[in-house]
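Structural characterization, general
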Amino acid sequence: MTIGRIDHVNISTSDLAATVAFFRDMLGLTPAPPPGMDPALNSWMVDDAGNALVHVNTREAVSEPGPINHVAFACSGYDDYAARLRGAGHEIRESDLRDIAGVRQIFVFGPEGTRIELNFREPPAP
């Protein structure tokens, strides 16, 4: 059960074009269509190696937590994390996108309401 690195940061915006332009023109990232998502509402900003460092999406509702929608970590040990979080009483949401994006995910909120995404690019346990 390990967090290896920050996987990406998700930024919600009311102006997708301006936000994409900032990351492209000011920071040198390249826009890329996210797998399985509407590119008119979402964009991944990738580095020269093709890693999606920033996920930009249009703000869906006033209930969004703010411009930093969530922070995602690349992890291993899916079942251990799910059991630990549930055992501590945390409500989690799970998403299996292995067919679309090669990843399973666990979403959980921290004590101050920070949305955390745990990404697992590993096969499920037998």
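Here's a quick rundown of the structure.

Parameters at a glance
- Residues numbered from 1 in each chain as written.
- Predicted model: local features only at pLDDT ≥ 70, side-chain atom pairs only at ≥ 80, totals over all residues.
- Heavy atoms only, no water.
- Patch = residues over 30% accessible without salt bridge, like charges linked within 9 Å, V, L, I, M, F, W, Y side chains within 5 Å.
- Areas by Shrake-Rupley, 256 points an atom, 1.4 Å probe, with all protein chains shown as cover.
- Salt bridge = Lys/Arg side-chain N within 4 Å of Asp/Glu carboxyl O.
- Helix = DSSP H or I, 4+ residues; strand = E, 2+ residues; numbered from the N terminus.
- Phe/Tyr/Trp six-rings, centres within 6.5 Å; stacked < 30°, edge-to-face > 60°.
- Buried < 20%, exposed > 50% of the residue type's maximum accessible area, 1.4 Å probe, protein only.
- Lys NZ or Arg CZ within 6 Å of the ring centre and 35° of its normal.
- Pairing = 2+ DSSP bridges.
- Arc of directions from axis to C-beta.
- Axes fitted to C-alpha atoms, helices over the stretch in contact; angles between N-to-C directions.
- Contact = heavy atoms within 4.5 Å.

Below, the discussion takes up a nonpolar patch on the surface. Judged by side-chain polarity, F22, M26 and L27 come together as a nonpolar surface patch covering roughly 330 Å² of accessible area. One can find F22 in helix α1 (residues 16-26).

Moving on to the packing of aromatic side chains. Under the counting rule described, the total for this entry stands at three aromatic pairs. Between Y78 and F120, the ring centres sit 5.0 Å apart and the planes meet at 75°, which makes this aromatic pair edge-to-face. With Y78 in helix α2 (residues 78-87) and F120 in strand β8 (residues 115-120), this residue pair connects regions lying 42 residues apart in the sequence. Like F120, Y78 is buried. Grouped by ring-pair contacts, the aromatic residues Y78, Y81 and F120 constitute a single cluster. A cation over an aromatic ring shows up here: R93 above the ring of F107, its NZ or CZ 4.2 Å from the ring centre. The residue whose ring lies beneath R104 is Y78, and the NZ or CZ to ring-centre distance is 3.7 Å.

Attention now moves to the pairing of strand β5 (residues 68-76). In this sheet, β5 lies alongside strand β1 (residues 2-13) in antiparallel orientation, the contact comprising eight bridges. Note that in β5 the partner of N10 across the bridge is H70. Bridge count for β5 against β8 is five bridges, and the pairing is parallel. Residue pairing for β8: V71 is matched across the bridge by I116.

A word on the pattern of salt bridges. Evaluated as defined, the whole model comprises five salt bridges. A salt bridge links D25 to R24; its shortest N-O distance comes to 2.7 Å. Assessed through its relative accessible area of 36%, R24 is described here as partly exposed. We note a salt bridge from E94 to R86, for which the minimum N-O separation is 2.3 Å. Among the residues examined, E94 registers a relative accessible area of 39% and is labelled partly exposed.

What follows covers α2. Taken together, the buried positions of α2 are occupied by Y78, Y81, A82 and L85. Buried residues of α2 fall within an arc of 100° about the axis and therefore sit on the same side. With respect to the buried face of α2, the exposed residues turned more than 90 degrees away are R84 and G87. After α2 finishes, the residue G89 shows a positive phi value of roughly 90°.

What follows is about the sheet that holds strand β6 (residues 93-96). Spatial ordering of the open sheet is given by β2-β3-β4-β1-β5-β8-β7-β6, a layout of eight strands whose pairing is mixed. Both edges of this open sheet fall to β2 (30-32) and β6, since each of them pairs with a single strand only. In this sheet, neighbouring strand axes are inclined to one another by 25° on average, regardless of whether the strands run parallel or antiparallel. Relative to strand β4 (residues 52-58), strand β3 (residues 42-46) runs antiparallel, the two being bridged by five bridges. Each residue of the ladder has a partner; that of N42, found in β4, is N57. Sitting on the sheet, α1 touches β1, β2, β3 and β4, and the angle it makes with β3 is about 5°. Its contacts with the sheet place α2 against β1, β5, β6, β7 (104-109) and β8, and it is angled at close to 20° to β7.

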